[in-house]
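What the coordinates show
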Amino acid sequence: MSRRSADPPPPYSIRPARTRDVRAILTLSEPLVDQRVLVPKDAVAYYEDIQEFLIAEDGHGEVVGFGALHVMWEDLAEVRTLATSPTTRGSGLGAALLHQLLDRARSLGVTRVFCLTFETAFFARHGFEPLGEGQEAVDPEVYAELLRSPDEGVAEFLDLARVKPNTLGNTRMFLTL
C-alpha cells in the first residue's frame, strides 16, 4: 500500500462540495464520460447528491478534482465519480481525495468500501481488491433490500442486466476499513 497522506499536495485544498461546484464537476467529467471512464450523469443527479462530494481546488480556487462517497447499506459505501483534471494527474491529488473519502466512511461507521472502476491499479495501490469470481458482495437478504433502491449506482453494484452497458469492462473492488 502506498504511503497514506490525507493532506492534498500543495497548493491544493479539499473541501465539501457546494451547489455552485456542479458546473465545474460537469466540465471536468465530460472528457472522462466521452472516454467511458465515468458514467454519464445529468446535472440534477449531481445537485441531488452534492452533499456526498468533496472538491479539490488549486491555489486560484479552480476545481481540479472531486469524488463522492455514497452510503449503500449499514456497513457498505461506494466511492463514486473520483476524478482529477489532466494537469493534476500523477500529483497525488486523487489519492488525497480518496483518503478523505475513506476517512468520511470511517466516521459514518462504514466498514466496507466498494468501487466500480477501470482504474484498478490506482485503487489496488490503496488496498482495494477485486471481488473474486463467484464471491457475493452482500448476503441475499441485503441484496433483496438493495433491489428496492431506485439509485442507478446501486443497480450497477448489483450488476443488474439493465445497467450492463454502463459497467462493461469495469472491475468491482472492495476495501475493508
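Analysis parameters
- Residues numbered from 1 in each chain as written.
- Predicted model: local features only at pLDDT ≥ 70, side-chain atom pairs only at ≥ 80, totals over all residues.
- Heavy atoms only, no water.
- Helix = DSSP H or I, 4+ residues; strand = E, 2+ residues; numbered from the N terminus.
- Buried < 20%, exposed > 50% of the residue type's maximum accessible area, 1.4 Å probe, protein only.
- Salt bridge = Lys/Arg side-chain N within 4 Å of Asp/Glu carboxyl O.
- Phe/Tyr/Trp six-rings, centres within 6.5 Å; stacked < 30°, edge-to-face > 60°.
- Pairing = 2+ DSSP bridges.
- Contact = heavy atoms within 4.5 Å.
- Axes fitted to C-alpha atoms, helices over the stretch in contact; angles between N-to-C directions.
- Core = buried A, V, L, I, M, F, W, Y, C linked by side-chain atoms within 4.5 Å.
- Expected span 1.5 Å × (residues − 1).

On to unusual backbone geometry, then. In most cases, non-glycine residues show a negative phi, while peptide bonds are predominantly trans. One non-glycine residue, Arg36, adopts positive backbone phi at about 65°. Even without glycine at this site, Thr81 takes up a positive phi of about 55°. Within the secondary structure layout, Thr81 lies in strand 4 (residues 76–84). For Thr81, a relative accessible area of 12% puts it in the buried group.

According to the stated counting rule, one finds 5 salt bridges in the structure shown. A salt bridge links Asp75 to Arg112; the shortest N-O distance between them is 3.5 Å. Pair noted here: Asp75 is in the loop between strand 3 (63–73) and strand 4 and Arg112 is in strand 5 (residues 112–117), with a separation of 37 residues, a long-range link. We classify Asp75 as partly exposed; its relative accessible area is 26%. Arg106 serves as the salt-bridge partner of Asp103, at 3.0 Å between the closest nitrogen and oxygen. Separated by 3 residues within a single helix, Asp103 and Arg106 lie in helix 3 (residues 93–108), roughly one turn from each other. For Asp103, a relative accessible area of 29% puts it in the partly exposed group. If you follow the salt bridges from partner to partner, you end up with Arg15, Asp21 and Glu57 in one network.

Tallying each qualifying case throughout the model produces 5 aromatic pairs. When the ring of Phe53 is compared with that of Phe66, the centres are 6.4 Å apart and the planes differ by 50°; the resulting orientation is tilted. Here Phe53 is found in strand 2 (residues 53–57), whereas its partner Phe66 is found in strand 3, with 13 residues between them in sequence. According to the relative accessible area criterion, Phe53 is buried, its value standing at 2%. Between the aromatic rings of Phe123 and Phe128, the centroid separation amounts to 5.1 Å while the plane-to-plane angle is 80°, which identifies the pairing as edge-to-face. Neither residue differs from the other here; Phe123 and Phe128 are each classed as buried. Here the aromatic residues Tyr46, Phe53 and Phe66 are joined through ring pairs into a cluster of three or more.

The subject of this paragraph is the sheet that holds strand 3. Read from one edge of the open sheet, 7 strands run 1-2-3-4-5-7-6, paired in mixed fashion. Looking at strand neighbours, the two that pair on one side only are strand 1 (13–16) and strand 6 (129–130), the edges of this open sheet. Here strand 6 pairs with strand 7 (residues 171–176) via 2 bridges, running antiparallel. Each bridged residue has a counterpart across the sheet, and for Pro130 the counterpart in strand 7 is Met173. Contacts from helix 3 reach strand 1, strand 2, strand 3, strand 4, strand 5 and strand 7, with the element oriented near 30° to strand 3.

Counting residues in each nonpolar core, the largest one holds 25 residues, and the members touching the most others are Val79, Leu82, Leu98, Val113, Phe123 and Phe128. Elements with a minimum of two residues in this core: strand 2, strand 3, strand 4, helix 3, strand 5, helix 4 (120–125) and strand 7. It is helix 3 that provides the largest number of residues to this core, a total of 8 residues. The residues touching Phe128, leaving out its near neighbours within four places in the chain, are Leu98, Leu102, Val113, Phe114, Cys115, Phe123, Met173, Phe174 and Leu175. Membership of the second largest hydrophobic core comes to 14 residues, among which are Ile25, Leu28, Ile50 and Phe53.

A few words on the environment of Gly132. Here Gly132 shows up in the loop between strand 6 and helix 5 (140–146). Counting along the chain gives 41 residues from Gly132 to Met173, while the straight-line C-alpha distance between them is 9.1 Å.

With that settled, consider helix 3. Compared with the 22 Å implied by 1.5 Å per residue over 16 residues, the 23 Å span of helix 3 between its first and last C-alpha is a close match. Three or more residues of helix 3 are buried, namely Leu93, Gly94, Ala95, Ala96, Leu97, Leu98, His99, Leu101, Leu102 and Ala105. Gly109 occupies a position one or two residues after helix 3 and carries a positive phi of about 90°.

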